[in-house]
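Secondary and tertiary structure notes
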Amino acid sequence: TECPSVWKYAKLLPIEREPVTIREGGTPLYKCDRLAEKIGIKELYVKHEGMNPTGSFKDRGMTVGVTKALELGMSTVACASTGNTSAALAIYGAKAGIPVIVLLPAGKVALGKVAQALMHGAKVLSIRGNFDDALALVRTLCSQEKIYLLNSINPYRLEGQKTIGFEIADQLGFKVPDRIVLPVGNAGNITAIWKGFREFKKLGITDSLPKMTGIQAAGSCPIVKAIKSEAPEITPEEEPETVATAIRIGNPVNAKKALSAIRESGGTAESVTDEEILAAQKDLARLEGIGVEPASAASVAGLRKLVDMGVISRDETVVCITTGHLLKDPQTVIDVCEEPIVVDASIEAIREAIFGK
Ligand SMILES: Cc1ncc(COP(=O)(O)O)c(/C=C/C(=O)C(=O)O)c1O
């Protein structure tokens with residue numbers, strides 16, 4: 001049987017050669033009735049992109065992007081990253097056998113992601129600045145050297161990530177959901193998924209389009225501000241700040257494309273506080289057994305807020321995209337969860353701790 005992966009859709013991908021693949025894609029679409037009940041909507045699905053091989057949706061963009069690098073005869077690849085892009089690039093570069101350079105904002109990258117980039121052999125630079133500074137620098141580097149830039153300004157990244165839309169349609173029996181809700185940082189993913197749904201409709205595989213709904217952290221939400229003020233473009237934020245470090249991006253490189261995806265689809269954008277993000281992270285984990293890193297939970301936090309505001313009606317069929325695995329950011333989990341109970345190694349102590357007697 002066809003292996004569920006990005007390359008199931010090879011005919012719709014701009015690649016001629018054998019792909020560099022580690023079995024990315026084919027992620028679960030969970031029906032989440034307990035969470036739907038708590039939020040107060042009829043039908044909620046969660047597309048868990050944390051179940052990709054490197055633990056985030058970035059794998060989809062990198063399998064296409066790194067394969068394209070080889071096709072173009074590029075011998076080195078690079079990116080700036082809040083973490084997951086660098087983890088994925090390190091792994092796909094290792095798989096392809098080519099050197100990888102990654103630029104990370106000093107002190108603001110979750111532990112699991114740095115571990116992946118380091119272990120898989122990337123040259124990891126920790127920039128004394130934020131993600132936006134790192135992105136500007138890596139773009140300069142790639143314009144000066146024969147190094148292939150694989151941030152989501154590279155259209156081949158979006159080609160891979162559009163398969164999220166294909167898979168959701170596939171998994172829902174080609175019934176397109178009313179709405180897709182997802183976290184937005186550099187705004188590549190919302191752009192890519194919209195493209196995927198548009199292509200399926202153009203091919204006559206589906207007959208409708210979802211409302212694209214982008215969620216950002218309150219301390220880092222240039223897309224939300226532009227949507228609410230109906231501005232033609234964003235005003236970059238100088239000091240983005242959020243516990244959801246994956247989306248701590250003040251000057252999203254795909255902002256223009258994301259604004260049109262939201263507007264063309266009749267979607268919207270909303271911001272959520274760090275507290276709302278962390279509450280949603282716990283709900284996903286404890287009500288549905290879905291373990292995600294904070295940025296991913298912004299989708300559910302945003303859905304909840306938009307339902308409470310009456311922007312999203314209760315009878316909509318909604319798919320939330322959870323973009324990264326919980327293990328990417330274990331430190332935040334330790335920070336927000338109760339401590340383990342320390343007990344003596346005796347049955348009495350165990351019973352006391354559990355039953356209180
Ligand atoms: C878990 C998680 N959730 C959401 C996003 C936002 O997606 P985009 O709006 O397409 O940027 C990211 C992005 C991460 C990086 O941009 C990077 O890794 O450099 C992420 O890791």
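These lines cover the structure that appears in this document, whether it is placed above or below. (Residues numbered from 1 in each chain as written. Predicted model: local features only at pLDDT ≥ 70, side-chain atom pairs only at ≥ 80, totals over all residues. Heavy atoms only, no water.)

**Observations concerning the sheet that holds strand E4 (residues 100–105)**
The strands that make up a sheet pair up through hydrogen bonds in the backbone, lying either parallel or antiparallel. The strand order E5-E4-E3-E6 describes an open sheet built from four strands, whose pairing is parallel. Edge positions in the sheet fall to strand E5 (123–127) and strand E6 (148–149), since each of these pairs with one other strand and no more. Relative to E4, strand E3 (residues 77–80) runs parallel, the two being bridged by four bridges. In the sheet register, Cys-79 faces E4, and the bridge partner there is Val-102. (Pairing = 2+ DSSP bridges. Helix = DSSP H or I, 4+ residues; strand = E, 2+ residues; numbered from the N terminus.)

**Points about the nonpolar core**
Ranked by size, the top nonpolar core spans 35 residues in total, and within it Ile-168, Ile-180, Ile-190, Ile-223, Val-319 and Ile-321 carry the most contacts. Those elements that place two or more of their residues in this core are helix H7 (163–171), strand E7 (179–183), helix H8 (188–202), helix H9 (222–228), helix H10 (255–264) and strand E10 (317–322). Ile-223 has contacts with Val-184, Ala-187, Gln-216, Ile-234, Pro-252, Ala-255, Ala-258, Leu-259, Ile-262 and Ala-269, leaving out every residue within four places of it along the chain. Leu-35, Ile-41, Ala-301 and Val-318 belong to the second largest nonpolar core, which has 30 residues in total. (Core = buried A, V, L, I, M, F, W, Y, C linked by side-chain atoms within 4.5 Å. Buried < 20%, exposed > 50% of the residue type's maximum accessible area, 1.4 Å probe, protein only. Contact = heavy atoms within 4.5 Å.)

**Observations concerning the side chain of Lys-47**
Along the chain, Lys-47 falls in strand E2 (residues 43–48). For Lys-47, a relative accessible area of 0% corresponds to the buried category. Separated by 2.8 Å, the side chain of Lys-47 and the backbone oxygen of Thr-27 make a polar contact. Among all residues touching Lys-47, those that are not within four sequence positions of it are Thr-27, Pro-28, Leu-29, Arg-60, Ile-164, Glu-167, Ile-168, Gln-171, Val-319, Cys-320, Ile-321 and Thr-322. (Polar contact = N/O pair within 3.5 Å; in protein donor to acceptor, adjacent residues only side chain to side chain.)

**Describing the site of the ligand**
Not every one of the 22 residues close to the ligand is listed here, only the nearest: Thr-85, Gly-185, Asn-186, Asn-189 and Thr-323. Between the ligand and the protein, one listed contact pairs an oxygen atom with a side-chain N or O atom of Ser-81 at 3.0 Å. Backbone polar atom of Asn-186 to an oxygen atom of the ligand: 2.8 Å apart, as the coordinates give it. For the ligand, the accessible surface in isolation is 470 Å², of which the surrounding protein chains cover 99%. Mapped by element, the contributors of at least two residues to the shell around the ligand are helix H3 (84–96) and H8. (Near = heavy atom within 4 Å. Areas by Shrake-Rupley, 256 points an atom, 1.4 Å probe, with all protein chains shown as cover.)

**Structural notes on the state of the cysteines**
Working definition of a disulfide: a covalent bond connecting the sulfur atoms of two cysteines. For the structure shown, the criterion picks out zero disulfides. Lacking any disulfide linkage, Cys-320 is separated from the closest cysteine sulfur, that of Cys-32, by 8.5 Å. (Disulfide = S-S within 2.5 Å.)

**Thoughts on the environment of Glu-316**
Considering the arrangement of structural elements, one finds Glu-316 in the loop between helix H12 (294–308) and E10. Note on Glu-316: relative accessible area 8%, which makes it buried. Along the primary structure Glu-316 and Asp-178 are separated by 138 residues, whereas in three dimensions their C-alpha atoms are 5.9 Å apart. Non-local contacts of Glu-316, meaning those with residues more than four positions away in its chain, are made with Glu-43, Asp-178, Arg-179 and Val-311. Within the structure, Glu-316 has its side chain in polar contact with the side chain of Arg-179 (distance 2.8 Å).

**Concerning the pairing of E7**
Note on strand geometry: in a regular strand, side chains alternate between the two faces of the sheet. A large share of E7 lies buried, amounting to five of its five residues. The two faces of E7 match: Arg-179, Val-181 and Pro-183 on one face and Ile-180 and Leu-182 on the other face are all buried. Relative to strand E8 (residues 211–217), E7 runs parallel, the two sharing five bridges. Within E8, the residue paired with Leu-182 across the bridge is Gly-214. Regarding the hand of the β-α-β motif, the stretch spanning E7, H8 and E8 is right-handed. (Right-handed = clockwise from strand over helix to strand, strands pointing away.)

**Some thoughts on the packing of aromatic side chains**
With the rule as written, the count across this model stands at three aromatic pairs. An angle of 55 degrees between the planes, with centres 5.1 Å apart, marks the rings of Tyr-9 and Phe-166 as tilted. With Tyr-9 in the segment before strand E1 (29–31) and Phe-166 in helix H7, this pair connects stretches of sequence that are 157 residues apart. Pair check on accessibility: Tyr-9 and Phe-166 agree, each one buried. Taken together, a centroid distance of 4.4 Å and an interplanar angle of 15 degrees make the contact between Phe-166 and Phe-200 stacked. (Phe/Tyr/Trp six-rings, centres within 6.5 Å; stacked < 30°, edge-to-face > 60°.)

**Examining a nonpolar patch on the surface**
On the surface, a cluster of nonpolar side chains totalling about 590 Å² of accessible area is made up of Ile-341, Val-343, Ile-347, Ile-350, Ile-354 and Phe-355. Its location among the elements puts Ile-347 in helix H14 (residues 347–355). What makes Ile-347 exposed here is its relative accessible area of 53%. (Patch = residues over 30% accessible without salt bridge, like charges linked within 9 Å, V, L, I, M, F, W, Y side chains within 5 Å. Salt bridge = Lys/Arg side-chain N within 4 Å of Asp/Glu carboxyl O.)

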